[in-house]
Amino acid sequence: MSVKDATSVTLPLYGDLISRFPATRDYLIPILQELQEREGYLPEQGIYEVSDYLDLPESKVYGVATFYNQFKLIKPGKYRIQICRGTACHVKGSFNLLETLQRELGILPGETSSDGLFSLETVACLGACSIAPVIMVNGEFFGRLDNKKVLSLVQDFRNREEVK
Amino acid sequence: MSRVTEIVVGMGSCGIAAGAKGVYDSLLAAIAQGKMDIKVGETGCIGACHKEPIIEVRYDNGQKKLFGEVSEKKITDFIASECNEKVFNQENAFPEDYPYLSRQRKVVLSNSGIIDPESIVEYLDTGGYEALKRVLQSMTPAQVVEEIKTSGLRGRGGAGFPTGMKWSFIAASSSKRKYMVCNADEGDPGAFMDRSVLEGDPHSVIEGMIIAAYAIGAGEGYIYVRAEYPLAIKRLNKALSQAEERNFLGNRILGTGFSFFIHIKEGAGAFVCGEETAMMASIEGKRGMPRLRPPYPAEKGLWGYPTNINNVETLANVPRILNMGAKKFASIGTEKSKGTKVFSLAGKIKYGGMVEVPMGMTLREIIFDIGGGIQEDKQFKAVQLGGPSGGCIPEELLDTPVDYESINATGAIMGSGGMVVMDETTCMVDVARYFLSFIQSESCGKCTFCRIGTKRMMEILQRITQGKGKLEDLDELEDLARRVKVSSLCGLGQTAPNPVLTTLKYFRDEYLAHIERHECPAMQCKALVRYVIDPNECRGCTICARFCPTHAASGDAKKPHSIDQDLCIQCGLCYEGCRFHAVKIATGVPA
């Protein structure tokens, strides 16, 4: 295992973040997680810099970034909606909620609305089965939903933006 | 009269999702403002998720009372009344002899919902780390392995491999470097047992892990935990540094020659990483793709060194076994499945949450006696065990005891403990399709049959749910299922057809209804259902027309409305919105 000096490669944008980690392959996922934590997604430039720092081909970094569901390659919306598609939520109608949200926001899972306000993601399970069906918006749970409630929730977020 | 001395709030993820944080903050604010002079604490998952948010009120005479569904308003009233429990009504109270709690047998969850998970002192007060001390001071690694073998403990991650035997393989290796990994990548949708244990009692898992490391001779360990569990990660980190401070972890633990270090690796959201070789690839920073076994991890694991992997619940059992004695532990459960099992009870169940029961209890007892049966007293249809690798068990098999062999015999698997209850409104063909679509997005793509075979199976199921299925499709499904099972490298592919096979076996009628009569008996498959308005019951309130996103529902005010079937997208908004139950769902070819 080699420990690389951050000065030996140029990392113009994310050097401060990346070089805090040892330059070994097993830190690839933690570095990407940290990068996403800061930026909300993995910017293209970030992939190049991580690849330089770890001396891995960009394709390998991209391969890992696209393998894991956690990593996003496009910028999420201001309101990041994650809809739980776990079994308990499914039998309580989460697919219907997903369709309603798609229709209302005009986007598919993995996309961000053109005004940058909303992004939609499906997640395998949020583990809050007792309040199924459940969605998470910016880390906050909203449970026991139906179509009506989810629509009024979206409206609430829109209203908040208008007030500002 | 007894006085309230302390209020403890259940602050597992479930509790927080239901609003426990607001309750907790209200209590803290009241203390800060000098409105009351009592202790306020937090604890992990109390287990009765259906009653969240839950508080435990502790009195100076030692009495403790649980109250559930405590809203912020309720707690404000409680504070204003100077802790008069009369503000709580029937809904908040837990009945004296609540079967949900009284029928459980808590071993793994014995501390969850009782102690503060962020306090090592509270864990020590319950006898925490005593097992570790005893092991290090008076037992050889071989004796520890023997003790676990005697206990009969089997892996709680799903497959049920005997833990002691697993340990003995790696203990026999003479490698200078070995790794100990805790699998906390709980990925089954609908399962949250491990999260609750990590959130409610993280030290028990860490203690189990240190003992395991000692038994197998590992110097370094990893906890691979889902990034989706931020609270569990936070509490684990805290517990690890507390354990290091007291030298339960680190160099020369408790003055002995044994050193052990634990790192946390956050998973990045890939179901297949629950498979041990995929998990190791992920820890090494690669795509989580499984590889052929042998060599097993016990010979060649992380970076080529022998590695032992145990699940969270398995490890949490370890200190308990050493404390109560292997023989006593082995007296719980059945002949081949010892101890208890934690299940997360969810779906259409009346009282959902975490339950821990002795092995051998029947599914019926768990679902009906503990879980209270089905919501709204609907008809039970099936219980899904083992997530995407498991299967759906019908009513006639509800007297099956929960032990590894009996559950396997039904075609399902014990799995990690997710138990999702389904009722008459759940379509079993749709459930099979749902699991295959999950497998489709989670298959790593290495094996052709897992990657493409499951896709073909999903397409067939999709056709059936759209009323376009043929009878031959069922044979094709079974044939493909068999091929996917035998041609896949890892557990994900080998078990992926189970949800399809079990539903075909036990609910063939439903498949036939879709194919032959174009009916979805559960009224769930959109292509096969129609929303219609009963003109006799419609009052013309216009609410359906206002909700309808496609203007399919229309009509004049105060006159019966109707739905244009060509425009209708079956979203169900009119059905949910109608206050007079005038919107009906129909299936099959219109008469």
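These numbers were taken from a predicted model, which means no experiment stands behind them.

Draft legend 1. Spotlight on a nonpolar patch on the surface. Residue and element names in this part refer to chain B. A cluster of nonpolar side chains, Phe161, Met165 and Phe169, forms an exposed patch at the surface whose accessible area comes to about 290 Å². Mapped onto the elements of the fold, Phe161 is located in the loop between helix H7 (141–151) and helix H8 (163–171). Judged by relative accessible area, Phe161 falls into the partly exposed class, the value being 40%.

Draft legend 2. Seen up close, the packing of helix H18 (residues 448–465) of chain B against helix H22 (residues 508–516) of chain B. Residue and element names in this part refer to chain B. Look at H18 against H22: their axes get within 8 Å of each other, and the N-to-C directions meet at 65°. It follows from the interaxial angle that H18 and H22 lie roughly perpendicular. Side by side, H18 and H22 meet where Leu461, Ile464 and Thr465 of the first sit next to Tyr511, His514 and Ile515 of the second. For the contact of H18 with H22, a count of residues per class yields four nonpolar, two polar and no charged.

Draft legend 3. Local environment of the sheet that holds strand S3 (residues 55–59) of chain B. Residue and element names in this part refer to chain B. Pairing in this open sheet of four strands is mixed, and the strands run S2-S1-S3-S4 from one edge to the other. Strand pairing shows two members of the sheet lacking a second neighbour, strand S2 (39–43) and strand S4 (64–67), which therefore form its edges. The sheet shows a mean angle of 20° between the axes of neighbouring strands, direction not considered. As paired elements, strand S1 (residues 4–10) and S2 share five bridges and run parallel to each other. If you follow Glu6 over to S2, its bridge partner there is Lys39. Its contacts with the sheet put helix H2 (residues 20–32) on S1, S2 and S3, and the angle it makes with S2 is roughly 160°.

Draft legend 4. Region of interest: the interface of chain B and chain A. Counting residues at the interface gives 55 residues for chain B and 38 residues for chain A. Around 3700 Å² of area is buried between chain B and chain A when both sides are counted, 57% of it from carbon and sulfur atoms. Taken together, chain B and chain A are joined by one salt bridge. A salt bridge links A:Glu99 to B:Lys526, with the shortest nitrogen-to-oxygen separation between them at 2.5 Å. At the surface where chain B touches chain A, the tally comes to 27 residue pairs in polar contact (both at pLDDT 80 or more). The set of elements that each furnish at least two residues to the side of chain B that touches chain A consists of helix H1 (13–18), strand S6 (220–226), strand S7 (261–267), helix H12 (276–283), strand S9 (340–347), strand S13 (418–423), helix H17 (428–442) and helix H24 (573–577) of chain B. Sort the elements by how many residues they give to the side of chain B that touches chain A and H17(B) lands first, with six residues. Of the residues assigned to the side of chain B that touches chain A, the class counts are 28 nonpolar, 14 polar and 13 charged.

Draft legend 5. Summary view of unusual backbone geometry. Residues and elements named next belong to chain B. Note that the residue after Glu52, namely Pro53, is joined by a cis bond; omega there is -5°. Along the chain, Pro294 connects to Pro295 via a cis peptide bond; the corresponding omega equals 0°. Relative to the helices and strands, Pro295 resides in the loop between H12 and strand S8 (307–311). A positive phi angle, near 50°, is found at Asp377, a position not held by glycine.

Draft legend 6. Highlighting the domain arrangement of chain B. According to the domain assignment, chain B consists of domain 1 (4–94), domain 2 (120–329), domain 3 (340–423), domain 4 (428–516) and domain 5 (526–587). Relative placement of domain 1 of chain B and domain 5 of chain B: their C-alpha centres are 43 Å apart.

Draft legend 7. Broad picture of a negative patch on the surface. All names here are of chain A. The grouping of Glu44, Asp52, Asp55 and Glu58 at the surface amounts to a negative patch. With respect to the helices and strands, Glu58 occurs in helix H4 (residues 58–67). On the basis of relative accessible area, Glu58 is assigned to the partly exposed category, the value being 38%.

Draft legend 8. Highlighting the sheet that holds S6(B). Residue and element names in this part refer to chain B. Pairing is parallel in the open sheet, where four strands are placed in the order S7-S6-S5-S8. Of all the strands in the sheet, the pair left with one neighbour each is S7 and S8. Each adjacent strand pair in this sheet contributes to an overall mean axis angle of 20°, direction not counted. Across six bridges, the pairing between strand S5 (residues 179–184) and S6 is parallel. Bridging across to S6, Val181 finds its partner in Tyr222. Across the sheet, H12 is in contact with S5, S6, S7 and S8; its angle to S6 comes to roughly 100°.

Draft legend 9. Expanded view of the pairing of S7(B). Residue and element names in this part refer to chain B. Strand direction decides the pairing type here: S6 and S7, joined by seven bridges, are parallel. Within S7, the position partnered with Arg226 by the bridge is Gly267. As for the winding sense of the linkage, the β-α-β connection from S6 through helix H11 (residues 230–245) to S7 is right-handed.

Draft legend 10. Representation of the environment of B:Leu573. Mapping B:Leu573 onto the fold places it in helix H24. According to the relative accessible area criterion, B:Leu573 is buried, its value standing at 2%. In this structure the C-alpha to C-alpha distance between B:Leu573 and B:Cys548, which are 25 residues apart in sequence, comes to 6.5 Å. Apart from the residues within four sequence positions on either side, B:Leu573 is in contact with A:Arg103, A:Asn147, A:Lys148, A:Leu151, B:Phe547 and B:Pro549.

Draft legend 11. Structural context of the domain arrangement of chain A. On domain assignment, one finds that chain A holds domain 1 (6–67) and domain 2 (79–163). Taking only C-alpha atoms, the centre of domain 1 of chain A and the centre of domain 2 of chain A are 30 Å apart.

Draft legend 12. Examining H12(B) more closely. All names here are of chain B. Burial runs high along H12: eight of the eight residues are buried. Listing the buried residues of H12 in full gives Glu276, Thr277, Ala278, Met279, Met280, Ala281, Ser282 and Ile283. After H12 finishes, the residue Gly285 shows a positive phi value of roughly 95°.

Draft legend 13. Seen up close, the nonpolar core. Of all hydrophobic cores here, the largest spans 91 residues; its most connected members are B:Tyr129, B:Trp167, B:Met180, B:Ile206, B:Ile210 and B:Phe260. For this core, the element with the highest residue contribution is helix H10 (residues 202–216) of chain B, accounting for 10 residues. Residues contacting B:Met180, with those up to four places away along its chain left out, are B:Met209, B:Ala212, B:Ala213, B:Ile216, B:Ala218, B:Glu220, B:Gly221, B:Tyr222, B:Phe260, B:Asn308, B:Asn310 and B:Leu315. In terms of nonpolar packing, the next biggest core, distinct from the first, is built from 46 residues, A:Leu17, A:Leu28, B:Met280 and B:Cys444 among them.

Cut-offs and rules
Residues numbered from 1 in each chain as written. Chains lettered and ligands numbered in written order. Predicted model: local features only at pLDDT ≥ 70, side-chain atom pairs only at ≥ 80, totals over all residues. Heavy atoms only, no water. Patch = residues over 30% accessible without salt bridge, like charges linked within 9 Å, V, L, I, M, F, W, Y side chains within 5 Å. Areas by Shrake-Rupley, 256 points an atom, 1.4 Å probe, with all protein chains shown as cover. Salt bridge = Lys/Arg side-chain N within 4 Å of Asp/Glu carboxyl O. Helix = DSSP H or I, 4+ residues; strand = E, 2+ residues; numbered from the N terminus. Buried < 20%, exposed > 50% of the residue type's maximum accessible area, 1.4 Å probe, protein only. Axes fitted to C-alpha atoms, helices over the stretch in contact; angles between N-to-C directions. Parallel < 35°, antiparallel > 145°, perpendicular 65-115°, else oblique. Contact = heavy atoms within 4.5 Å. Nonpolar A, V, L, I, M, F, W, Y, C, P; charged D, E, K, R; others polar. Pairing = 2+ DSSP bridges. Buried area = accessible area lost by both parts, 1.4 Å probe. Polar contact = N/O pair within 3.5 Å; in protein donor to acceptor, adjacent residues only side chain to side chain. Domains from an automatic or database assignment. Lys, Arg positive; Asp, Glu negative; His and termini not counted. Charge placed at Lys NZ, Arg CZ, Asp CG, Glu CD. Right-handed = clockwise from strand over helix to strand, strands pointing away. Core = buried A, V, L, I, M, F, W, Y, C linked by side-chain atoms within 4.5 Å.

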